[in-house]
Amino acid sequence: MGMDGYGHSHIHTNLQGGFYMSEASKTSIHALVRAIILFGFTLYILYLNEQGTLNYYIAPRMELYVKLAGMALYALSIQQALHAYRSWKHRTVDQSCSSCSSAPQGTWWKHTGIYMFFLFPLALGLFTPDTALGSQLIERKGMNFAASSNLQSSAPKPNSAVLQDEADYQQPQTQPQQPEVPTTSGTVTDNTFQASDGSSSNDRDDHASSGDDTAASSMEQPDNQLIDDLTVSEGSLTEEELALLFPEDNALFAGYAKYARTVYNDEIIEVPEHSYTEVLTTLDLYKHTFAGKSIRISGFVYKPDELESDQFAISRYAMQCCSADAAPYGVLSSYPRASSLEEDSWIEVTGTIQTTTMNETEVLAIEVLKVRSIEAPDDPYVYPNFDFGL
């Protein structure tokens, strides 16, 4: 039985011989527990910021809001601590406290469960290592091998304005031989996917291109032979020639076409951190035009079971807001020594852009010529570049 400063007990005996606390004592304990939880989250945010691992969980543009939230949590923890102190001072039943609220209703088991709902994730964060997302999560999220798939699902392909039939589009002398890619419903032979039903990729392309006829008819179509001549010509192309390859007659693709014109004449096309997904989308949109060009890209190694021993995906996670919405992007790569690459290891590859078919979808691919091991970047994720194409 406890005694307060006035000599009164704050735990009382009821008629059945049990004990009970005053309402102020219960309120004080609940407020103290809440103050500890709130202060714990404040310390966790501070810890992540000091360790430089806050970007494992949120995008840089959200960091300010999280830090402000940490400050708010700290203020609330102080408020709850003061509330606990005031309630404890008036813990006897015969003292009144006009500023003290009544204790929450319910059993201790109920309150314990509620508090554990907040303490459990806090404990996970404090006592488990901070690691970036890797290949294991890709098995559940799924890899995106076609960076432009979202754009192409909502609008006709930009090359439909230039090429009446992509299946007939050829790049003699410059387009490298395509690697074989395993699929669940067919094989790749001589750059043409042969499905289990006997239909070819050309058949499907003919069918798909018919849906683009309306959009294509409203765009100026330069001579296809001229396009073929431009893509196999040696030396740098002029602005006029680049405008033929990458027209801006579709507003949805204008930014990508503009960027394509700026890098097409480069000796090696770099995929930079600040515009990673945007550059991959550009290359995927115009993959036939860029086929045969050199590329340099970095990422971590991912080896799904369906790939051959000489294949892997060079991958990055693209984050919009937080790790919950992080989406893996990858480029299918062929390399004779792919089996020697460890999964989740970070590398930089230099190679030649190709096109191939995977699971009945034509995707961008790389024939790897050089591999260099690199350290994992401080920030392993890539983010949207809202200034791209401006």
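By convention here, each chain's residues receive numbers from 1 onward along its written sequence. Local features are withheld for residues below a pLDDT of 70 in this predicted model, meaning they are given only at 70 or higher, and side-chain atom pairs are given and counted only at 80 or more; totals for whole chains, interfaces and linings count all residues. The basis for every side-chain value is the complete set of non-hydrogen atoms in the structure, without hydrogens or water.

Trainee: Looking at this structure, how should I read the overall build of the protein?
Mentor: Per the secondary structure count, the protein includes 12 helices and 11 strands. The buried label applies to any residue whose accessible area, calculated with a 1.4 Å probe on protein chains only, is under 20% of its type's maximum; exposed applies above 50%, and partly exposed to all values in between. With 390 residues in all, the protein has 45% of them scored as buried. Taking all contacts inside the protein whose residues are at least 6 apart in sequence as the whole, residues at least 24 apart take part in 70%. Only carbon and sulfur atoms are counted for the fraction: they give 54% of the accessible area of the protein, which is about 20900 Å². Secondary structure elements follow DSSP: runs of H or I no shorter than four residues count as helices, runs of E no shorter than two count as strands, and numbering proceeds from the N terminus. Two residues form a contact once any of their heavy atoms are found within 4.5 Å. Here, Shrake-Rupley sampling with a 1.4 Å probe gives the accessible areas, and only protein chains in the shown set may cover a residue.

Trainee: I tried to follow the packing of helix α1 (residues 23–51) against helix α2 (residues 60–89) on my own but got confused; where do I start?
Mentor: To describe two helices that pack against each other, one gives the angle between their axes and the distance between the axes. Two elements in contact, α1 and α2, have axes separated by 7 Å at closest approach and are oriented at 155°. Taken together, the axes of α1 and α2 are roughly antiparallel relative to one another. Regarding α1 and α2, the two cross each other, and that crossing is left-handed. Fitted lines through C-alpha atoms serve as axes, helices being fitted only where they are in contact, and the angles separating the N-to-C directions of these axes extend from 0 to 180 degrees. Each angle gets one of four labels, with under 35 degrees taken as roughly parallel, over 145 as roughly antiparallel, 65 to 115 as roughly perpendicular, and the rest as oblique. Definitions for this section: a left-handed crossing has its near helix turned counterclockwise from the far helix by less than a right angle. A right-handed crossing has that turn clockwise.

Trainee: Looking at this structure, how should I read the pairing of strand β8 (residues 327–334)?
Mentor: Consecutive side chains of a regular strand alternate in pointing toward one face of the sheet and then the other. Counting buried residues in β8 gives 7 out of 8 residues, a clear majority hidden from the surface. Of the strand pairs in this sheet, β8 and strand β10 (residues 361–373) are connected by 3 bridges, and their pairing is parallel. For Ser 333, the partnering residue across the bridge sits in β10 and is Ile 366. By the convention used here, strands pair only if DSSP detects at least 2 bridges between them.

Trainee: For this particular structure, what's the right way to read the packing of aromatic side chains?
Mentor: Each aromatic ring pair is summarised here by two numbers: the centre-to-centre distance and the angle between the ring planes. Aromatic contacts are taken between Phe, Tyr and Trp rings whose centres are within 6.5 Å, Trp giving its six-membered ring; a plane angle under 30 degrees counts as stacked, one over 60 as edge-to-face, and the others as tilted. This structure, assessed with the given rule, holds 11 aromatic pairs. A ring pair is formed by Phe 39 and Tyr 74, whose centres lie 6.1 Å apart and whose planes are at 45°; its orientation type is tilted. You can see Phe 39 sitting in helix α1 and its partner Tyr 74 sitting in helix α2, a full 35 residues away along the chain. A relative accessible area of 35% places Phe 39 in the partly exposed class. Seen from their ring centres, Phe 300 and Tyr 317 are 5.9 Å apart, and the 15° between their planes marks the pair as stacked. Placement of Phe 300 in strand β6 (residues 294–302) and of Tyr 317 in strand β7 (residues 311–318) is noted, with a sequence separation of 17 residues between them. One exposure class covers both Phe 300 and Tyr 317, and it is buried. Taken together through their ring pairs, the aromatic side chains of Phe 246, Tyr 264, Tyr 286 and Phe 290 make up a single cluster. The aromatic ring of Tyr 264 is capped on one face by Lys 293, whose charged end is 4.1 Å from the ring centroid. Placement of a charge over a ring requires the Lys NZ or Arg CZ to be within 6 Å of the ring centre, with the centre-to-atom vector within 35 degrees of the ring normal. For the cation-ring pair, Arg 316 lies above Tyr 276, with the distance from its terminal atom to the ring centre recorded as 5.3 Å.

Trainee: In this structure, what is going on with the environment of Ala 313? I would like to understand it.
Mentor: Here Ala 313 shows up in strand β7. With relative accessibility at 0%, the residue Ala 313 sits in the buried group. Expressed as a C-alpha distance, the spacing of Ala 313 and Phe 145, which sit 168 residues apart in the sequence, is 8.6 Å. Look past the residues within four positions of Ala 313 in its chain and what remains in contact with it is Phe 145, Phe 300, Val 301, Tyr 302, Leu 307 and Val 331.

Trainee: Explain the pairing of β6 to me, please; I cannot follow it from the model alone.
Mentor: With 7 of its 9 residues buried, β6 lies for the most part within the structure. Bridge count between strand β5 (residues 268–270) and β6: 3 bridges; the pairing is parallel. Looking at the pairing, Ile 269 lines up with Ile 295 of β6. Where β6 and strand β9 (residues 346–358) come together, 7 bridges link them in antiparallel fashion. Bridging across to β9, Arg 296 finds its partner in Thr 350. Here β6 pairs with β7 via 3 bridges, running antiparallel. Paired with Val 301 across the two strands is Ile 314, which belongs to β7.

Trainee: Any chance you could explain empty space enclosed by the protein here in plain terms?
Mentor: Think of a ball as big as a water molecule: rolled over the atoms, this probe shows where empty space is left. In this analysis, the protein atoms alone were mapped onto a 1 Å grid. Cavities are point sets where a 1.4 Å probe fits without being able to get out; pockets are open sets with protein on both sides within 12 Å along at least five of seven lines; lining residues have an atom within 4 Å of a point. Grid points are joined across faces, edges and corners, and a volume is the space filled by probe spheres set on the points. In this structure the tally under the stated criterion is 2 cavities of 30 Å³ or more. Of the volumes computed, that of the largest cavity is approximately 60 Å³. Lining the largest cavity, in full, are Asn 144, Phe 145, Ala 146, Ala 147, Leu 280, Asp 284, Tyr 329, Gly 330, Val 331 and Leu 364. Taken together, the elements giving at least two residues each to the lining of the largest cavity come down to α11 (276–285) and β8.

Trainee: Help me understand the confidence of the model for the protein, please; the structure alone is not making it clear to me.
Mentor: Interpreting fine coordinate detail is not advised for predicted regions of low pLDDT. Here pLDDT means the predictor's own confidence in every residue, given as a number from 0 to 100. Mean pLDDT for the protein: 75, with 68% of residues reaching 70 or above. The secondary structure element of the protein with the lowest average pLDDT is strand β4 (residues 192–195), at 36, and the one with the highest is β6, at 95. Under a pLDDT of 50 for its full length, residues 1–19 has, in the predicted model, 35 contacts with residues more than four places off or in other chains. Low pLDDT (under 50) marks residues 156–224, which in the prediction has 122 contacts with non-local residues, meaning those over four places away or in another chain.

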